[in-house]
Amino acid sequence: MDKLRRVLSGHEENEELGLTDQILDASTLSYSTRVKCFVICFAGGILCSILGSALLFLPNGIKLFAVFYTIGNVAALSSTCFLMGPLKQLKRMFEPKRLIATIVMLLCLVLTLCAVFWWHKKGLAIIFCILQFLAMTWYSISYIPFAR
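Everything quoted here is computed from the prediction, not taken from an experiment. (Residues numbered from 1 in each chain as written. Predicted model: local features only at pLDDT ≥ 70, side-chain atom pairs only at ≥ 80, totals over all residues. Heavy atoms only, no water.)

1. Quick notes on the UniProt feature "transmembrane region" (unreviewed entry) in the protein
Line of reasoning, step 1. In the numbering used here, UniProt assigns the "transmembrane region" (unreviewed entry) feature to residues 37-58, 64-87, 99-119 and 125-146.
Line of reasoning, step 2. What you have in residues 37-58 is 86% helix and 0% strand, and the ends, taken at the C-alpha atoms, are 32 Å apart.
Line of reasoning, step 3. Summarising residues 125-146: 77% helix, 0% strand, and an end-to-end C-alpha distance of 32 Å. (UniProt positions renumbered as here; feature names shortened; annotations may be inferred. Helix = DSSP H or I, 4+ residues; strand = E, 2+ residues; numbered from the N terminus.)

Given below as structure tokens:
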């Protein structure tokens, strides 16, 4: 049956294609595993963001805050890869309707770390963290139909 499906879909039959299919089948996760991984990754992201906010008031805490807050946002963003898959996630991130939101969000993530580690500007790092929050909110809202 697989041979017929490959012939009808236009794929040439060879051993490499069979190996690729086996690799793809072996790497798929069940729906419940995807949801569990999503919840764990998203909760870890929220925990990192909260921990970063708590570390803000320590001496030299601005660096820890920026790092943990950024890691938290990256983890929360990455958690959706478990639900829809990394390739589909990247394709949807760079669709024309959310391209600007994606670029602003990624730029804010990078600029936050630049402000803390290279430019040594604490106030600028706080501003970029606020912009990071707003950009993540804008990006998340872009997935809701008619919310933009």
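And the narrative resumes.
2. Concerning the packing of helix α4 (residues 61-84) against helix α5 (residues 86-93)
Line of reasoning, step 1. For the pair α4 and α5, the least separation of the axes is 7 Å and the interaxial angle reads 120°. Viewed along their axes, α4 and α5 adopt a mutual orientation that is oblique. In the packing of α4 onto α5, the handedness of the crossing is right-handed. Together, Leu 77, Thr 80, Cys 81 and Met 84 of α4 and Pro 86, Lys 88, Gln 89, Arg 92 and Met 93 of α5 make up the contact between the two elements.
Line of reasoning, step 2. Per-class residue counts for the contact of α4 with α5 are five nonpolar, two polar and two charged. (Axes fitted to C-alpha atoms, helices over the stretch in contact; angles between N-to-C directions. Parallel < 35°, antiparallel > 145°, perpendicular 65-115°, else oblique. Left-handed = near helix turned anticlockwise from the far one by under 90°. Contact = heavy atoms within 4.5 Å. Nonpolar A, V, L, I, M, F, W, Y, C, P; charged D, E, K, R; others polar.)

3. With respect to the pattern of salt bridges
Line of reasoning, step 1. Under the definition given, this model contains one salt bridge.
Line of reasoning, step 2. Note that Arg 98 is salt-bridged to Glu 95, the shortest N-O span being 2.9 Å. (Salt bridge = Lys/Arg side-chain N within 4 Å of Asp/Glu carboxyl O.)

4. Regarding the nonpolar core
Line of reasoning, step 1. One finds Ile 62, Phe 65, Ala 66, Tyr 69, Ala 115, Val 116, Ala 125, Phe 128 and Cys 129 forming the largest nonpolar core, which totals nine residues.
Line of reasoning, step 2. Elements with a contribution of two residues or more to this core: α4, α6 (99-117) and α7 (122-141).
Line of reasoning, step 3. Top contributing element to this core by residue count: α4, with four residues.
Line of reasoning, step 4. When residues no more than four places from it in sequence are discounted, the contact partners of Ala 66 are Thr 112, Leu 113, Val 116 and Cys 129.
Line of reasoning, step 5. Membership of the second largest hydrophobic core comes to eight residues, among which are Leu 77, Ala 101, Met 105 and Ala 135. (Core = buried A, V, L, I, M, F, W, Y, C linked by side-chain atoms within 4.5 Å. Buried < 20%, exposed > 50% of the residue type's maximum accessible area, 1.4 Å probe, protein only.)

5. Observations regarding the side chain of Thr 112
Line of reasoning, step 1. If you trace the backbone, Thr 112 turns up in helix α6.
Line of reasoning, step 2. Note on Thr 112: relative accessible area 0%, which makes it buried.
Line of reasoning, step 3. Among the polar contacts made by the side chain of Thr 112, one reaches the main-chain carbonyl oxygen of Cys 108 at a distance of 2.7 Å.
Line of reasoning, step 4. Apart from the residues lying within four places of it in its own chain, the contact partners of Thr 112 are Ala 66, Thr 70, Ala 125, Phe 128, Cys 129 and Gln 132. (Polar contact = N/O pair within 3.5 Å; in protein donor to acceptor, adjacent residues only side chain to side chain.)

6. Thoughts on a nonpolar patch on the surface
Line of reasoning, step 1. A surface patch of nonpolar side chains, amounting to about 910 Å² of accessible area, comprises Phe 117, Trp 118, Trp 119, Leu 124, Ile 127, Ile 130, Leu 131, Phe 133 and Leu 134.
Line of reasoning, step 2. Per-element accounting of the nonpolar patch gives the leading share, six residues, to α7.
Line of reasoning, step 3. Relative to the assigned elements, Phe 133 resides in helix α7. (Patch = residues over 30% accessible without salt bridge, like charges linked within 9 Å, V, L, I, M, F, W, Y side chains within 5 Å. Areas by Shrake-Rupley, 256 points an atom, 1.4 Å probe, with all protein chains shown as cover.)

7. Looking at the side chain of Ser 142
Line of reasoning, step 1. By the secondary structure assignment, Ser 142 is in the segment after α7.
Line of reasoning, step 2. At 2.5 Å, the side chain of Ser 142 forms a polar contact with the backbone oxygen of Tyr 139.

8. Quick look at α6
Line of reasoning, step 1. With 19 residues, α6 should cover 27 Å at 1.5 Å per step; its first-to-last C-alpha distance of 27 Å lies within 8% of that length.
Line of reasoning, step 2. For α6, the complete set of buried residues consists of Ala 101, Thr 102, Met 105, Cys 108, Leu 109, Thr 112, Cys 114, Ala 115 and Val 116.
Line of reasoning, step 3. At its buried positions, α6 is contacted by α4, α5 and α7. (Expected span 1.5 Å × (residues − 1).)

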